[in-house]
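Summary of the model geometry
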Amino acid sequence: GAVVSQHPSRVICKSGTSVKIECRSLDFQATTMFWYRQFPKQSLMLMATSNEGSKATYEQGVEKDKFLINHASLTLSTLTVTSAHPEDSSFYICSAPTLTASPEAFFGQGTRLTVV
Amino acid sequence: EDQVTQSPEALRLQEGESSSLNCSYTVSGLRGLFWYRQDPGKGPEFLFTLYSAGEEKEKERLKATLTKKESFLHITAPKPEDSATYLCAVAVNQAGTALIFGKGTTLSVSS
């Protein structure tokens, strides 16, 4: 099946610094990628939709200036958490639907962000 | 509002003790219902897609079924390696939209 690679898998950063997370589709092109956040024992919550060549669409309550999304190519989307704070600590997961008619989405391995 | 509810929240089984997980949904324009397995600290791993009521899919000890209001994930004679969180998600309306997830059922199978 389609493969989505996410990097890094874990990152610890100091409060106030920025962290970049990469999401790559390895064997298919993805004009759209999704970024989710998952808190312990909670569901995946959609943060934003990343669109290749255009601005990302953010869900209500998600600060676009804090969570910068760039989708510069058909295989790469990045999420940058700017001026990170401890409350940003979470599990971030990207996904990419394939370009077939099927709405199946494949997920990256996730990134555990810890802000200290 | 589109909604997905999974039950139970947690399930403990003995090895070989079959059971079912439930996913009920209230959505407008269902395009597909998905089951994923998620291990701790990992991203969701795709298991099944179901598109219409009456459809069934099987993979090893897992069988997913779909009605107009809910889906079941049946686990037959589970093994400890089946221990994980099982997520149900739906795709609605237009193509290219994100999935809506339930909170998951955490399954623990003891030997």
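Use the structure listed above.
This structure is a prediction, so every number in the text was calculated from the model and none was measured.

We now examine the interface of chain B and chain A. At the junction of the two partners, chain B supplies 20 residues and chain A supplies 20 residues. When the two sides are added together, the surface that chain B and chain A hide from each other amounts to roughly 1500 Å², 60% of it contributed by carbon and sulfur. Looking at the side of chain B facing chain A, the largest losses of area belong to Ala98, Phe101 and Lys103 of chain B, adding up to 28% of the total buried there. Seen at the junction of chain B and chain A, the total is zero salt bridges. The interface formed by chain B and chain A contains five residue pairs in polar contact (both at pLDDT 80 or more). The biggest single contributor to the side of chain B that touches chain A is strand E4 (residues 30-38) of chain B, with four residues.

Residues Val4, Trp35, Phe67, Leu79, Tyr92 and Leu113 of chain A are the most contacted members of the largest nonpolar core, which totals 25 residues. The set of elements that each furnish at least two residues to this core consists of strand E2 (10-13), strand E3 (19-25), strand E4 (32-38), strand E5 (44-51), strand E7 (67-73), strand E8 (76-81), strand E9 (90-97) and strand E11 (111-115) of chain A. The contact partners of Phe67 of chain A, leaving out residues within four places of it in the chain, are Arg37, Met47, Tyr58, Val62, Leu79, Thr80, Val81, Asp88 and Tyr92 of chain A. With 23 residues, the next largest nonpolar core counts Val4, Leu21, Cys23 and Trp35 of chain B among its residues.

The next subject is the pattern of salt bridges. Side chains that differ in sign of charge can pair as their charged atoms come close. Summed over the entire model, instances satisfying the criterion amount to six salt bridges over all chains. Notably, a salt bridge pairs Asp88 of chain A with Lys66 of chain A, separated by 2.9 Å at the nearest N-O pair. A residue pair is termed long-range when its members are at least 10 positions apart, and Asp88 of chain A in the loop between E8 and E9 and Lys66 of chain A in the loop between strand E6 (57-58) and E7 qualify at 22 residues. Judged by its relative accessible area of 5%, Asp88 of chain A is buried. For Asp82 of chain B, the salt bridge goes to Arg61 of chain B, with nearest N and O atoms at 2.8 Å. Here Asp82 of chain B is found in the loop between strand E8 (70-75) and strand E9 (84-92), whereas its partner Arg61 of chain B is found in the loop between strand E6 (56-59) and strand E7 (62-66), with 21 residues between them in sequence. Asp82 of chain B gets classed as buried once you look at its relative accessible area, which sits at 7%.

Conventions adopted
Residues numbered from 1 in each chain as written. Chains lettered and ligands numbered in written order. Predicted model: local features only at pLDDT ≥ 70, side-chain atom pairs only at ≥ 80, totals over all residues. Heavy atoms only, no water. Contact = heavy atoms within 4.5 Å. Buried area = accessible area lost by both parts, 1.4 Å probe. Salt bridge = Lys/Arg side-chain N within 4 Å of Asp/Glu carboxyl O. Polar contact = N/O pair within 3.5 Å; in protein donor to acceptor, adjacent residues only side chain to side chain. Helix = DSSP H or I, 4+ residues; strand = E, 2+ residues; numbered from the N terminus. Core = buried A, V, L, I, M, F, W, Y, C linked by side-chain atoms within 4.5 Å. Buried < 20%, exposed > 50% of the residue type's maximum accessible area, 1.4 Å probe, protein only.

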